Amino acid sequence: MNAIVALCHFCELHGPRTLFCTEVLHAPLPKGAGNGDSPGQGEQAEEEEGGIQMSSRIRTHSPAEGASAESSSPGPKKSDMCEGCRSLAAGHPGYISHDKETSIKYVSHQHPNHPQLFSIVRQACVRSLSCEVCPGREGPIFFGDEQHGFVFSHTFFIKDSLARGFQRWYSIIAIMMDRIYLINSWPFLLGKIRGIIDELQGKALKVFEAEQFGCPQRAQRMNTAFTPFLHQRNGNAARSLTSLTSDDNLWACLHTSFAWLLKACGSRLTEKLLEGAPTEDTLVQMEKLADLEEESESWDNSEAEEEEKAPVLPEGAEGRELTKCPTDFSLHLDCGNWQPRKLSVFKSLRHMRQVLGAPSFRMLAWHVLMGNQVIWKSRDADLVQSAFEILRTMLPVGCVRIIPYSNQYEEAYRCNFLGLSPHVQIPSHVLSSEFAVVVEVHTATRSSLHPVGCEDDQSLSKYEFVVTSGSPVAADRVGPTILNKMEAALTNQNLSVDVVDQCLVCLKEEWMNKVKVLFKFTKVDSRPKEDTQKLLSILGASEEDNVKLLKFWMTGLSKTYKSHLMSTVRSPTASAS
């Protein structure tokens with residue numbers, strides 16, 4: 001993330017000061033920062049943690065040195081700094097972290113080395129500790145502009161027995177030029193920065209309590225109430241943060257925290273470049289993801305409310321309640337987020353066709369494309385899940401409703417892919433129905449039952465697959481056009497599995513475009529039946545199976561597309577035309 005994270009302090013003598021900042025360098029380090037090492041300046045301490053290599057380097061001209069720095073070097077002079085507003089001592093090497101994965105360097109020092117960055121950080125520091133303050137003075141706030149960058153600032157207090165009011169004022173700021181990215185990172189930054197602040201305040205509180213126990217300052221100040229405050233303080237009044245927290249490794253720890261914060265915040269949000277308009281599958285997946293997020297938030301809120309009202313359960317009651325979860329949870333699984341638990345047993349559609357045999361696979365694929373219920377009965381739940389993972393690729397995302405494995409039969413309106421254990425009884429009307437197909441997986445008595453020419457897979461040689469339906473598909477039946485093209489691609493051995501997958505994607509997009517035209521024509525424009533038949537002939541989908549397929553796939557259209565069409569029709573411009 002191209003940002004700067006800094007720790008700022010309001011000094012009672014010198015005002016707002018930048019104590020410590022960490023910046024990201026994509027280019028090679030400046031001459032003084034990257035290759036100014038010498039044996040006499042100290043040994044390099046290197047360690048690897050979380051993919052970031054830690055090391056200390058010497059800068060030939062550090063802004064904190066002040067007196068020996070160039071006249072154009074940013075930063076206050078040494079005479080304008082006290083112990084309270086100084087972090088690293090003069091000549092301190094600072095800290096550099098090397099991210100080996102991205103070749104990015106994270107550099108920490110008291111001030112940025114670049115004059116323009118120093119000016120931006122300095123202005124953000126002054127605003128965070130003077131005018132841009134949230135109610136109560138402690139807490140997060142957002143401010144900034146296009147010229148000086150946008151700032152996430154969190155102000156807080158550190159306990160100090162020698163300070164006015166027994167506390168000192170600090171802030172942690174994150175500066176970035178991308179306003180949208182910074183706002184979207186607000187929850188993440190707030191949680192992580194709040195954790196850093198809590199740790200600093202906890203360390204300082206222990207030191208404060210120990211000092212108050214040894215020498216209470218309140219009674220001593222009451223005895224010298226009429227002495228001017230500035231005359232009370234000796235040279236130890238303005239203490240450094242390391243003294244307040246009694247942590248000699250404070251700045252190294254802050255560098256590690258700030259570097260991780262920049263790396264983690266930069267990797268959590270990524271941009272995707274879409275070539276052209278998003279597909280219907282993409283829109284449906286986005287809608288399902290949004291619904292899951294809203295549902296999880298509502299669950300969290302309801303659980304928080306029920307925790308206060310929940311009675312105390314006897315021992316073992318919680319376990320009995322949890323046993324109800326798997327079945328209910330499986331009903332909410334969607335095809336966009338469900339993943340198999342193990343490596344797929346079925347490798348591809350071509351592999352499944354070889355295992356089941358061409359006639360059985362054609363019958364199964366026909367029922368899948370028509371939207372009929374596909375029932376798999378097997379003792380191996382992973383086998384069923386892998387089969388569904390392969391079969392769902394034939395349908396648009398919005399048309400898939402999966403219950404991977406259940407101990408009872410579920411109606412077709414709840415799922416079109418249903419996995420059952422062998423002992424579950426399927427209703428007789430379902431077995432004889434033309435709108436369902438059952439695949440029973442039995443243990444084979446001999447290895448010869450494994451189809452000849454199948455890909456080498458020992459895990460399927462022990463199974464026998466029996467495909468039955470109340471409406472078997474005759475071999476001479478034309479079937480939907482997409483099924484015939486799909487079988488032609490699967491039987492063409494010159495096409496690899498990846499090429500077949502891309503062919504299937506193109507076929508689905510082609511027929512989803514026909515679905516969109518039919519939906520606009522029938523549902524939105526409300527054209528008569530005669531015109532609909534002419535349209536189907538033009539689309540090349542006038543056959544019965546093609547019409548059924550289009551009507552089923554119409555249920556998989558995204559809500560975004562449907563609402564867009566409805567709003568276009570209801571707009572004044574459309575009505576006038």
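Computed from a predicted model, the values in this text were never measured in an experiment.

Enquirer: Looking at this model, I keep getting lost on unusual backbone geometry. Mind explaining?
Expert: Peptide bonds are mostly trans, and most non-glycine residues show a negative phi. Although it is not a glycine, Ser103 adopts a positive phi angle of roughly 60 degrees. Relative to the elements of secondary structure, Ser103 occurs in the loop between strand 5 (95-99) and strand 6 (104-109).

Enquirer: What is the right way to read the environment of Glu132 from this model?
Expert: Note that Glu132 resides in the loop between helix 2 (115-129) and strand 7 (139-145). Along the backbone, Glu132 and Phe143 are 11 residues apart, and their C-alpha atoms lie at a distance of 7.4 Å. Those residues in contact with Glu132, other than ones at most four positions away along the chain, are Arg127, Ile141 and Phe143.

Enquirer: I keep staring at the packing of aromatic side chains and nothing clicks. Help me out?
Expert: Between two aromatic rings, the relevant description is the distance of the centres plus the angle of the planes. Within this structure, the stated rule accounts for 14 aromatic pairs. On the numbers, 6.1 Å between centres and 45 degrees between planes, the contact of Phe10 with Trp169 is tilted. Note that Phe10 is positioned in strand 1 (residues 4-11) and Trp169 in strand 9 (residues 167-176), a separation of 159 residues in sequence. Taken together, the ring pairs in this structure connect Phe20, Tyr95, Trp251 and Phe258 into an aromatic cluster. Positioned over the ring face of Phe208 is Lys159, at 5.3 Å from the centre of the ring. Lying across the ring of Tyr561, Lys516 places its NZ or CZ 5.2 Å from the centre.

Enquirer: In this structure, what is going on with the nonpolar core? I would like to understand it.
Expert: If you look at soluble globular proteins, the nonpolar side chains tend to sit buried side by side. Formed by 63 residues in total, the largest nonpolar core has its most connected members in Phe346, Leu364, Leu369, Trp376, Phe465 and Trp553. Ranked by residues supplied to this core, first place goes to helix 17 (residues 497-524) with 10 residues. Of the domains in this structure, domain 2 (349-446 + 458-477) and domain 3 (499-570) are the two that each give at least three residues to this core.

Enquirer: How should the pattern of salt bridges be read in this particular structure?
Expert: Side chains that differ in charge, positive against negative, can pair when their charged atoms come close. A complete count under the given rule lists 16 salt bridges for this structure. Between Arg194 and Asp198 there is a salt bridge, with its nearest N and O atoms 2.8 Å apart. In this pair, Arg194 and Asp198 are both assigned in helix 4 (residues 186-214), 4 residues apart and thus about one turn of the helix distant. Judged by its relative accessible area of 41%, Asp198 is partly exposed. A salt bridge links Lys514 to Glu510; the shortest N-O distance between them is 3.8 Å. Taken together, the residues span about one helical turn, with Lys514 and Glu510 both in helix 17 at a distance of 4 residues. Bridged by salt links that share partners, the residues Asp160, Arg168, Glu211 and Arg239 form one connected network.

Enquirer: What exactly am I supposed to notice about helix 18 (residues 529-539) here?
Expert: At 3.6 residues per turn, the α-helix brings residues three or four places apart onto the same side. Buried residues of helix 18: Thr532, Leu535, Leu536 and Leu539, and no others. Along helix 18, the residues classed as buried sweep out an arc of 100 degrees about the axis, all on the same side. Residues of helix 18 that are exposed and angled more than 90 degrees away from the buried face: Glu530, Lys534 and Ile538. Its buried side turned inward, helix 18 meets helix 17 and helix 19 (544-554). One or two positions beyond helix 18, positive phi appears at Gly540, with a value near 75 degrees.

Enquirer: Looking at this model, I keep getting lost on the packing of helix 16 (residues 481-491) against helix 17. Mind explaining?
Expert: When two helices pack together, their arrangement is captured by the angle between the axes and the distance separating the axes. The interhelical angle for the contact between helix 16 and helix 17, taken along N-to-C directions, is 170 degrees, at an axis separation of 10 Å. Accordingly, the angle class assigned to the pair helix 16 and helix 17 is roughly antiparallel. The interaxial crossing formed by helix 16 with helix 17 has right-handed handedness. Residue-level contacts link Thr481, Ile482, Lys485, Met486, Ala489 and Leu490 of helix 16 to Val500, Leu504, Leu507, Lys508, Glu510 and Trp511 of helix 17.

Enquirer: For this particular structure, what's the right way to read the confidence of the model for the protein chain?
Expert: Low pLDDT means the predicted atomic positions in that stretch should not be read closely. Averaged over every residue, the pLDDT of the protein chain is 77; the share at 70 or more is 72%. The low-confidence segment residues 56-72, where pLDDT is below 50, has 53 contacts with residues more than four positions distant or belonging to other chains. Across residues 447-456, where pLDDT falls below 50, the model places 18 contacts with residues more than four positions away in sequence or in other chains.

Enquirer: For this particular structure, what's the right way to read the pairing of strand 13 (residues 436-443)?
Expert: On a regular strand, each side chain points to the face opposite its neighbour's, so the side chains alternate between the two faces of the sheet. Inspection of the sheet shows strand 10 (residues 373-377) paired to strand 13 by 5 bridges, in the parallel sense. Bridging from a neighbouring strand, Ile375 pairs with Val438 of strand 13. In terms of strand pairing, strand 13 meets strand 14 (residues 463-469) through 7 bridges, oriented antiparallel. Following the sheet pairing, Val439 is matched in strand 14 by Val467.

Cut-offs and rules
Residues numbered from 1 in each chain as written. Predicted model: local features only at pLDDT ≥ 70, side-chain atom pairs only at ≥ 80, totals over all residues. Heavy atoms only, no water. Helix = DSSP H or I, 4+ residues; strand = E, 2+ residues; numbered from the N terminus. Contact = heavy atoms within 4.5 Å. Phe/Tyr/Trp six-rings, centres within 6.5 Å; stacked < 30°, edge-to-face > 60°. Lys NZ or Arg CZ within 6 Å of the ring centre and 35° of its normal. Core = buried A, V, L, I, M, F, W, Y, C linked by side-chain atoms within 4.5 Å. Buried < 20%, exposed > 50% of the residue type's maximum accessible area, 1.4 Å probe, protein only. Domains from an automatic or database assignment. Salt bridge = Lys/Arg side-chain N within 4 Å of Asp/Glu carboxyl O. Arc of directions from axis to C-beta. Axes fitted to C-alpha atoms, helices over the stretch in contact; angles between N-to-C directions. Parallel < 35°, antiparallel > 145°, perpendicular 65-115°, else oblique. Left-handed = near helix turned anticlockwise from the far one by under 90°. pLDDT = per-residue confidence, 0-100. Pairing = 2+ DSSP bridges.

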